[in-house]
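Letter by letter, the chains look like this.
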Protein chains: 2
Amino acid sequence: MKQQKMVVNKDLQYERSRCTFDPVEVTYFFDGSAEKTRKRRDQEQYFLDDLVLKENLAIKYKSHKELYEDNVQITRNVIHKIRELQRSGKADIDLITNILVERLGTALFEDGTPMLLHYAMFLPAFAPILGQANSEQQAYWLNRAWAGDVIGTYAQTELGHGTFLRGLETTATYDPETKEFVLNSPTLTSYKWWPGGLGHTANHAIVVAQLYTQGECRGIHLFVVQLRDVETHEPLKGIVIGEIGTKLGMNGVNNGFLGFRDFRIPRENMLMKNSKVLEDGTYVKSANDKLKYGTMVFIRVRLLRLLLNYLTKAVTIAVRYSVVRRQGQINPDQPEVQILDYVTQQYKIFPYIATCFAIKATASWVWNMFYTVQKQLRQANHEKIPELHSLSCCLKAVVSADTAAGIEQLRLSCGGHGYMTASNLPTLYGLATAVCTYEGENTVLLLQTAAYLVKSWKQATNGEPLPESVEYLNEAAKGVKHRPWSNDLERLIDAYDAVAAGFVRSAAEHLDRRIRDGVPMEEAWNQTGIELAQCAEAHARVFIVKTFAKAVKQLNSKSEEFRQVMSQLCELYIIYWALKNVGNFLRFSSMQKEHVETLHSRLEYLLMTIRRNAVGIVDGFDFDDHILCSALGAYDGNVYERLFQDAMKNPLNRETVNISFEKYLKPFLKSNL
Amino acid sequence: MKQQKMVVNKDLQYERSRCTFDPVEVTYFFDGSAEKTRKRRDQEQYFLDDLVLKENLAIKYKSHKELYEDNVQITRNVIHKIRELQRSGKADIDLITNILVERLGTALFEDGTPMLLHYAMFLPAFAPILGQANSEQQAYWLNRAWAGDVIGTYAQTELGHGTFLRGLETTATYDPETKEFVLNSPTLTSYKWWPGGLGHTANHAIVVAQLYTQGECRGIHLFVVQLRDVETHEPLKGIVIGEIGTKLGMNGVNNGFLGFRDFRIPRENMLMKNSKVLEDGTYVKSANDKLKYGTMVFIRVRLLRLLLNYLTKAVTIAVRYSVVRRQGQINPDQPEVQILDYVTQQYKIFPYIATCFAIKATASWVWNMFYTVQKQLRQANHEKIPELHSLSCCLKAVVSADTAAGIEQLRLSCGGHGYMTASNLPTLYGLATAVCTYEGENTVLLLQTAAYLVKSWKQATNGEPLPESVEYLNEAAKGVKHRPWSNDLERLIDAYDAVAAGFVRSAAEHLDRRIRDGVPMEEAWNQTGIELAQCAEAHARVFIVKTFAKAVKQLNSKSEEFRQVMSQLCELYIIYWALKNVGNFLRFSSMQKEHVETLHSRLEYLLMTIRRNAVGIVDGFDFDDHILCSALGAYDGNVYERLFQDAMKNPLNRETVNISFEKYLKPFLKSNL
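The structure presented is a predicted model; accordingly, all values stated were derived computationally and were not measured.

## Notes on the sheet that holds strand 7 (residues 239-243) of chain B
Residue and element names in this part refer to chain B.
In step 1: Strand order in this open sheet of three strands is 4-8-7, and the pairing throughout is antiparallel. Looking at the sheet topology across the chains shown, the edges are occupied by strand 4 (192-193) and strand 7.
In step 2: Summarising the sheet, strand 7 and strand 8 (residues 256-260) pair through five bridges and their orientation is antiparallel. Paired with Gly242 across the two strands is Phe257, which belongs to strand 8.

Shown next, in the form of structure tokens:
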């Protein structure tokens with residue numbers, strides 16, 4: 001990629017010169033092929049060319065309001081470019097998501113964009129397969145939303161309810177007289193709260209509300225609602241709307257609140273692909289509820305890619321900085337040490353390099369499975385939905401938790417400078433940790449997977465066959481004795497199976513015992529919650545480990561050196577996470593105390609081996625400096641120059657003396673002399 | 001304490017009515033006595049009365065520059081009040097630190113104050129015992145700094161060097177002709193970078209620089225340097241100064257950079273309590289280097305109290321919110337559940353309630369030891385310094401890591417609303433995680449403790465007696481067989497000993513083996529780094545566990561109920577951290593696989609038991625709403641009202657239509673129709 005032209009730091013040059021493989025192998029692995037890499041690079045360059053970037057506007061020094069205004073300006077320019085691409089037939093929703101959120105997202109916008117939900121949630125709601133709209137609605141709204149005067153968002157979460165959808169309080173009551181729905185926010189807690197772009201950007205929203213018709217509540221349904229006048233942008237009468245305020249991160253997203261006071265919308269605005277309300281108010285229930293899972297699963301699968309994007313950036317920054325930074329001495333006769341030569345530093349960073357590859361392999365696998373399931377759905381085959389749903393839940397939870405913890409560890413590995421916004425690590429952390437909460441809170445998701453696992457365990461004990469991802473439960477249920485320990489990787493992967501199965505068995509037994517003791521099912525479930533969450537975590541880990549190992553086996557690169565690097569990373573991942581949870585392995589697998597030391601030595605060996613290629617690997621993630629946005633992580637390694645340049649953009653530094661001296665400090669200091 | 005007058009949420013009322021003990025017991029435990037509680041409350045109220053608070057200024061919505069200016073204004077008002085107290089003889093440095101940083105800090109200032117280092121580092125440098133100044137210097141500078149026209153900071157860290165002090169590059173070269181030191185910043189990396197208040201607030205600094213005299217480098221020494229004109233506040237000629245920019249947190253601290261260009265200061269400005277430079281340039285080395293540890297240890301001990309303050313606030317917020325928040329159902333016939341009734345939620349929160357008490361007990365113990373050591377030092381008895389130093393290192397590292405991770409877990413337990421600045425959790429996290437890096441990076445500190453432990457291990461194997469905190473190594477070195485497992489707490493505490501000893505032994509042996517294999521000592525140390533850090537962590541944990549258990553035993557409260565609560569919390573702490581690291585216990589202690597399940601059941605029992613008193617306990621932390629600064633954690637539990645009130649302060653919400661609509665969105669949307 002095009003990089004800023006400064007002289008490249010000598011240490012980085014040396015690291016690149018001694019890399020054993022061609023970093024472009026990594027790039028192809030992540031993009032999928034050389035052809036896809038070329039295409040992505042072209043697209044990224046197209047967007048980076050002649051756009052005003054957030055770094056030039058120094059938005060981070062501005063007020064919350066100015067941040068919003070700058071972000072709208074940038075968004076306008078970006079969408080302008082998207083439309084140009086569309087005209088030449090080169091834009092699809094995938095590209096747009098990449099631009100707005102994934103690789104380019106953090107380059108273009110300061111901490112998110114208010115138009116994100118327009119593309120990520122509003123438009124997909126009208127998509128032919130995934131969406132909830134019937135075909136007339138699709139045609140009408142897609143047309144307006146792609147090209148016209150509609151900016152949309154998706155208003156589900158309320159002040160009082162997030163993950164528990166049944167608790168939502170907004171009401172849409174059908175009035176057969178006027179053939180309209182009347183929307184209301186009956187309580188303070190029923191106010192919509194959180195939707196991106198809702199504050200001051202969107203003029204329409206898909207609103208999730210409890211449907212009432214013919215005097216009965218029919219549960220939650222979706223409605224397209226106009227919020228603001230298309231000409232003046234003033235909120236319509238009956239709409240109370242605004243922005244919810246500053247947050248840990250994502251301050252550029254314009255999250256909003258929304259209340260309704262007897263606000264009327266036409267009957268046609270209910271999304272009626274599945275359930276319907278007829279003109280007279282008769283409610284027609286959907287034949288197929290399972291389809292609803294589609295969107296949720298789709299979004300969680302995309303989130304894996306989003307998280308991967310955050311983590312690869314953070315790892316790139318930490319590795320490059322750790323090669324440039326010299327601090328302290330190992331040998332008193334030698335110059336100061338590159339901090340990446342400290343084994344403790346390698347231990348903080350390299351497992352997360354490996355984690356990037358693990359997430360990539362997992363995300364690809366789930367993405368493919370998602371498309372398979374979509375195809376099956378069209379043939380009314382719903383067989384794989386429960387498995388896919390349960391996987392998407394625990395993978396979203398574990399990958400978001402790993403990514404957030406990883407970015408934080410990487411940030412801390414950069415010392416004080418990692419704490420600076422200029423490192424870009426705080427922003428990446430704010431984006432990543434949010435994923436632990438949105439689109440299903442992680443613990444709630446783990447418990448959903450646990451329900452599937454407990455059910456599968458019962459099937460296994462009954463000798464029923466199980467889908468591939470839970471097949472390991474069969475062996476455990478049969479009481480097959482663990483194979484004795486040996487130090488090869490296959491045995492360690494077996495041990496992951498044993499750990500997950502051990503947790504599932506233990507949670508299922510404790511659940512049963514409580515029920516036998518007379519505890520009601522739901523309360524017994526709650527009392528077993530800690531273990532249930534643990535078994536879902538262990539299940540996700542075993543799935544990631546196996547998928548990663550399979551991806552390494554099936555790697556079609558011709559480079560022996562690259563295949564070796566991949567093997568090392570895979571082994572590191574498998575050993576690292578086993579040692580992190582070594583108690584589980586000692587409890588549930590055939591691993592014995594004395595094996596722990598052997599594994600630890602192997603871990604130390606792998607860190608040492610990967611050290612040489614660390615820079616090459618992260619170079620292969622192929623981030624343009626404008627996309628990485630980090631003074632610590634730039635390709636040329638001019639860390640200190642960039643930190644200084646960044647500080648010079650601070651408006652406080654435009655004056656040698658701040659006004660607060662004359663105004664507050666001086667009179668006061670003198671008063672006491 | 002005085003609280004805002006709203007109707008208290010019914011759920012909170014109920015929780016308070018069923019608490020089994022009087023929460024004021026907790027307050028007395030944390031303050032030390034009823035008398036101290038009264039005094040603290042008076043002082044806090046005195047500062048809260050008639051001050052403009054950050055919440056009224058809605059600073060978080062403002063720009064970085066405005067944030068600085070507002071903070072200076074508040075600081076002026078606060079110092080005015082401090083001076084009033086001083087005049088009436090009621091102010092000491094302890095009170096001031098409390099006000100500026102600990103309990104009141106987050107209430108008064110937005111994300112720190114630029115005057116912090118004036119009180120926390122500049123003034124103490126001139127303190128009679130701790131400081132490095134001789135008695136004339138003490139008299140002169142203390143007088144000016146307390147009352148007069150000097151605002152100071154402490155400039156040690158540079159762009160290129162933090163924890164590794166010997167690497168600092170700023171030079172102070174003595175010129176016997178003029179009897180001056182000439183200060184220079186020979187490289188970009190030698191610029192001072194990070195000192196709080198340095199940007200635009202301080203007019204003096206204590207500068208750490210490499211002393212050159214008579215052509216020789218004499219290592220780092222301290223110098224008082226005037227930076228700005230006392231009248232105009234303009235930087236003096238030869239001083240390059242400014243602010244370093246935005247950060248993950250602490251944006252109100254005005255961290256600065258500083259460069260010198262042949263800047264001259266009088267010889268008297270070197271702090272000469274220990275080493276000296278005579279008029280002719282002769283260097284006289286200090287007789288006693290050990291004294292230098294004093295300040296570092298003192299600050300690390302204070303940091304434990306600071307961290308405790310952050311964590312108690314976060315726990316208070318999470319508990320109160322979790323009682324008010326109702327979400328989801330356990331029993332379908334019942335109303336929605338208080339989220340604190342989910343065992344998974346208790347598991348996230350209660351161990352950190354227990355951790356607060358553990359940190360409190362530990363901080364008190366170390367504080368007392370610090371004073372004992374100070375007394376001994378005055379009698380030239382340095383015996384306890386290595387032990388105190390090694391404890392202060394690992395305790396700072398482990399307590400800061402626990403606190404940061406804890407606040408993050410507590411924030412996540414509050415779901416989406418925890419992500420909002422209005423919860424105050426993001427700010428608390430930003431403050432706490434910074435402690436992992438400043439005043440000695442955590443990994444570096446752990447390795448310092450490890451050096452002490454490895455040395456102690458050698459002494460133990462030689463049969464030499466050891467100080468109290470490492471006595472457990474003696475037994476392990478003697479090869480005393482572990483007592484067989486039983487389920488009482490004493491045995492579990494023994495197991496903590498065994499784990500720490502096991503890690504120390506293992507690290508020491510691996511270190512030795514590497515050296516025997518011909519690896520140079522320093523490199524062998526590096527190669528064993530992961531294990532060495534682990535043994536220091538285990539050592540800190542065993543110390544905290546024992547100190548907490550001792551504090552519970554020695555508790556002099558007359559309330560049986562409170563003593564019971566303390567026992568439960570102590571047991572929870574001990575079991576929670578054992579299960580978190582259960583692999584170590586299975587490896588190094590007599591704990592067997594089958595005991596893990598028993599411990600887990602006991603943990604579940606403790607969570608259930610503590611549930612009833614959770615609100616009472618955090619009420620006992622006694623935070624005024626203005627000090628807690630959290631919409632989620634206020635005493636009255638009006639969570640949603642406060643979130644809404646806070647959003648109304650958002651300047652974006654003053655206009656229904658933001659200017660960016662007319663400017664950017666409208667012309668653009670229309671263009672495509």
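## Some points on the environment of Arg261(B)
Residues and elements named next belong to chain B.
In step 1: By the secondary structure assignment, Arg261 is in the loop between strand 8 and strand 9 (263-266).
In step 2: Assessed through its relative accessible area of 55%, Arg261 is described here as exposed.
In step 3: Taking the C-alpha atoms as reference points, Arg261 and Val301, 40 residues apart in sequence, are found 37 Å from one another.
In step 4: Excluding anything up to four places from it in sequence, Arg261 contacts Leu183, Asn184, Tyr191, Gly238 and Val240.

## Examining the domain arrangement of chain A
Residue and element names in this part refer to chain A.
In step 1: Domain boundaries assigned for chain A yield domain 1 (152-286) and domain 2 (294-619).
In step 2: With four residues of domain 1 at the contact, the number on the domain 2 side is eight residues.
In step 3: Of the roughly 420 Å² buried at the junction of domain 1 and domain 2 (both faces included), carbon and sulfur atoms supply 85%.
In step 4: Contact with domain 2 buries surface across domain 1, with Thr163, Leu248 and Met250 losing the most and accounting together for 91% of the total.
In step 5: On inspection of domain 1 and its partner domain 2, the count reaches zero salt bridges.
In step 6: Where domain 1 meets domain 2, there are one residue pair in polar contact (both at pLDDT 80 or more).
In step 7: Here the residues of the side of domain 1 that touches domain 2 are counted per class, giving two nonpolar, two polar and no charged.

## Details of the relation of the copies chain A and chain B
In step 1: Superposing chain A onto chain B takes a rotation of 180° combined with a translation of 0.0 Å along the rotation axis, leaving an RMSD of 0.0 Å. Both copies are brought into coincidence by an operation consistent with a two-fold rotation axis.
In step 2: A high fraction, 100%, of the interface residues of chain A reappear at the interface in chain B, so the copies pair face to face through one surface.

## As for helix 12 (residues 385-413) of chain B
Residue and element names in this part refer to chain B.
In step 1: Between its first and last C-alpha, helix 12 extends 41 Å over 29 residues, near the 42 Å set by a 1.5 Å rise per residue.
In step 2: The buried fraction of helix 12 amounts to 24 of the 29 residues, a majority that puts the element mostly inside the structure.
In step 3: Downstream of helix 12 by one or two residues, Gly415 has phi in the positive range, about 60°.

## Some thoughts on the interface of chain A and chain B
How large an interface is tends to be reported as the accessible area lost when its parts come together.
In step 1: Tallying the contact residues gives 135 residues for chain A and 135 residues for chain B.
In step 2: Across the interface of chain A and chain B, roughly 11,900 Å² is buried in total on both sides, 61% from carbon and sulfur atoms.
In step 3: Between the two partners, chain A and chain B, sit six salt bridges.
In step 4: Linking Glu441(A) and Lys348(B) is a salt bridge whose minimum nitrogen-to-oxygen distance equals 3.4 Å.
In step 5: At the surface where chain A touches chain B, the tally comes to 63 residue pairs in polar contact (both at pLDDT 80 or more).
In step 6: The residue makeup of the side of chain A that touches chain B, split by class, is 52 nonpolar, 48 polar and 35 charged.

## A closer look at the packing of aromatic side chains
In step 1: Under the defined criterion, the tally for this structure stands at 63 aromatic pairs over all chains.
In step 2: Ring geometry for Phe257(A) versus Phe644(B): centroids 4.9 Å apart, planes at 50°, classification tilted. Of this pair, Phe257(A) sits in strand 8 (residues 256-260) while Phe644(B) sits in helix 25 (residues 639-648), each in a different chain. This pair shows no difference in class: Phe257(A) is buried, exactly as Phe644(B) is.
In step 3: Ring centres of Tyr347(B) and Tyr576(B) lie 5.8 Å apart, and the angle between their planes is 65°; on these two criteria the pair is classed as edge-to-face. Of this pair, Tyr347(B) sits in helix 11 (residues 343-378) while Tyr576(B) sits in helix 20 (residues 560-580), and the two are 229 residues apart along the sequence.

## Examining the side chain of Ser322(B)
Residue and element names in this part refer to chain B.
In step 1: With respect to the helices, strands and loops of the structure, Ser322 is situated in helix 10 (residues 293-324).
In step 2: The buried category is assigned to Ser322, whose relative accessible area is 0%.
In step 3: When sequence neighbours within four positions are dropped, the list of residues in contact with Ser322 reads Gln338, Ile339, Leu340, Gln345 and Ile349.

## Here we look at the pattern of salt bridges
Should their charged atoms come close, side chains of opposite charge can pair.
In step 1: With the rule as written, the count across this model stands at 76 salt bridges over all chains.
In step 2: The network of salt bridges with shared partners includes Asp31(A), Arg40(A), Arg41(A), Glu44(A) and Asp622(A).

## Observations regarding the sheet that holds strand 4 (residues 192-193) of chain A
All names here are of chain A.
In step 1: With antiparallel pairing, the three strands of this open sheet are ordered in space as 4-8-7. Strands at the two margins of the open sheet, each flanked by one partner only, are strand 4 and strand 7 (239-243).
In step 2: Alignment of strand 4 against strand 8, held across two bridges, turns out to be antiparallel. Residue pairing in the sheet places Lys192 in a bridge with Leu258 of strand 8.

## Side note on the side chain of His539(A)
All names here are of chain A.
In step 1: Of note, His539 is situated in helix 19 (residues 529-553).
In step 2: Of the residues examined, His539 reaches a relative accessible area of 0% and is grouped as buried.
In step 3: Beyond its immediate sequence surroundings of up to four residues, His539 is in contact with Leu391, Cys394, Thr449, Leu453, Ser469, Val470, Tyr472 and Ala500.

## Side note on the pairing of strand 5 (residues 204-213) of chain A
Residue and element names in this part refer to chain A.
In step 1: In terms of residue burial, strand 5 counts as a mostly covered element, since nine of its ten residues are buried.
In step 2: Examined bridge by bridge, strand 2 (residues 171-175) and strand 5 share three bridges and lie parallel to one another. For Thr173, the partnering residue across the bridge sits in strand 5 and is Tyr212.
In step 3: In terms of strand pairing, strand 5 meets strand 6 (residues 216-226) through nine bridges, oriented antiparallel. When the sheet's bridge partners are listed, Ala205 is paired in strand 6 with Val225.

## What about the nonpolar core?
In step 1: Judged by nonpolar contacts, the single largest core of 416 residues is most densely connected at Phe357(A) and Phe357(B).
In step 2: Discounting residues that sit within four places of it in the chain, Phe357(A) has contacts with Val26(A), Phe29(A), Phe30(A), Phe548(A), Met566(A), Leu569(A), Ile617(A) and Phe621(A).

## Things to note about the UniProt feature "domain: Acyl-CoA oxidase C-terminal" (unreviewed entry) in chain A
In step 1: Residues given the UniProt feature "domain: Acyl-CoA oxidase C-terminal" (unreviewed entry) here are residues 488-670 of chain A.
In step 2: Here residues 488-670 of chain A is 75% helix and 0% strand, with 75 Å between the C-alpha atoms at its ends.

## Re the pairing of strand 3 (residues 180-184) of chain A
Residue and element names in this part refer to chain A.
In step 1: Pairing of strand 2 with strand 3, which is carried by five bridges, proceeds in the antiparallel orientation. Across the sheet, the residue bridging to Thr173 is Val182, located in strand 3.
In step 2: Remark: four residues form the turn of the hairpin made by strand 2 and strand 3, two consecutive strands paired antiparallel; Lys179 in that turn has positive phi of roughly 55°.
In step 3: Here four bridges tie strand 3 to strand 9 (residues 263-266), and the two strands are oriented antiparallel to one another. Looking at strand 9, one finds that Phe181 is bridged to Ile265.

## Here's the deal with the packing of helix 15 (residues 442-461) of chain A against helix 17 (residues 489-516) of chain A
Residues and elements named next belong to chain A.
In step 1: At a closest axis distance of 10 Å, the pairing of helix 15 and helix 17 adopts a crossing angle of 90°. Taken together, helix 15 and helix 17 sit at an angle that is classed as roughly perpendicular. Residue-level inspection shows Leu453, Val454, Trp457 and Lys458 of helix 15 in contact with helix 17, the latter providing Val504, Arg505, Ala508, Leu511 and Asp512.

## Focus on the environment of Leu652(A)
In step 1: For Leu652(A), the position within the fold is in the loop between helix 25 (639-647) and helix 26 (659-671).
In step 2: Non-local contacts of Leu652(A), meaning those with residues more than four positions away in its chain, are made with Asn658(A), His64(B), Lys65(B), Tyr68(B), His200(B), Glu243(B) and Asn254(B).

How each quantity is defined
- Residues numbered from 1 in each chain as written.
- Chains lettered and ligands numbered in written order.
- Predicted model: local features only at pLDDT ≥ 70, side-chain atom pairs only at ≥ 80, totals over all residues.
- Heavy atoms only, no water.
- Pairing = 2+ DSSP bridges.
- Helix = DSSP H or I, 4+ residues; strand = E, 2+ residues; numbered from the N terminus.
- Buried < 20%, exposed > 50% of the residue type's maximum accessible area, 1.4 Å probe, protein only.
- Contact = heavy atoms within 4.5 Å.
- Domains from an automatic or database assignment.
- Buried area = accessible area lost by both parts, 1.4 Å probe.
- Salt bridge = Lys/Arg side-chain N within 4 Å of Asp/Glu carboxyl O.
- Polar contact = N/O pair within 3.5 Å; in protein donor to acceptor, adjacent residues only side chain to side chain.
- Nonpolar A, V, L, I, M, F, W, Y, C, P; charged D, E, K, R; others polar.
- Least-squares fit on C-alpha atoms with pLDDT ≥ 70 in both.
- Expected span 1.5 Å × (residues − 1).
- Phe/Tyr/Trp six-rings, centres within 6.5 Å; stacked < 30°, edge-to-face > 60°.
- Core = buried A, V, L, I, M, F, W, Y, C linked by side-chain atoms within 4.5 Å.
- UniProt positions renumbered as here; feature names shortened; annotations may be inferred.
- Axes fitted to C-alpha atoms, helices over the stretch in contact; angles between N-to-C directions.
- Parallel < 35°, antiparallel > 145°, perpendicular 65-115°, else oblique.

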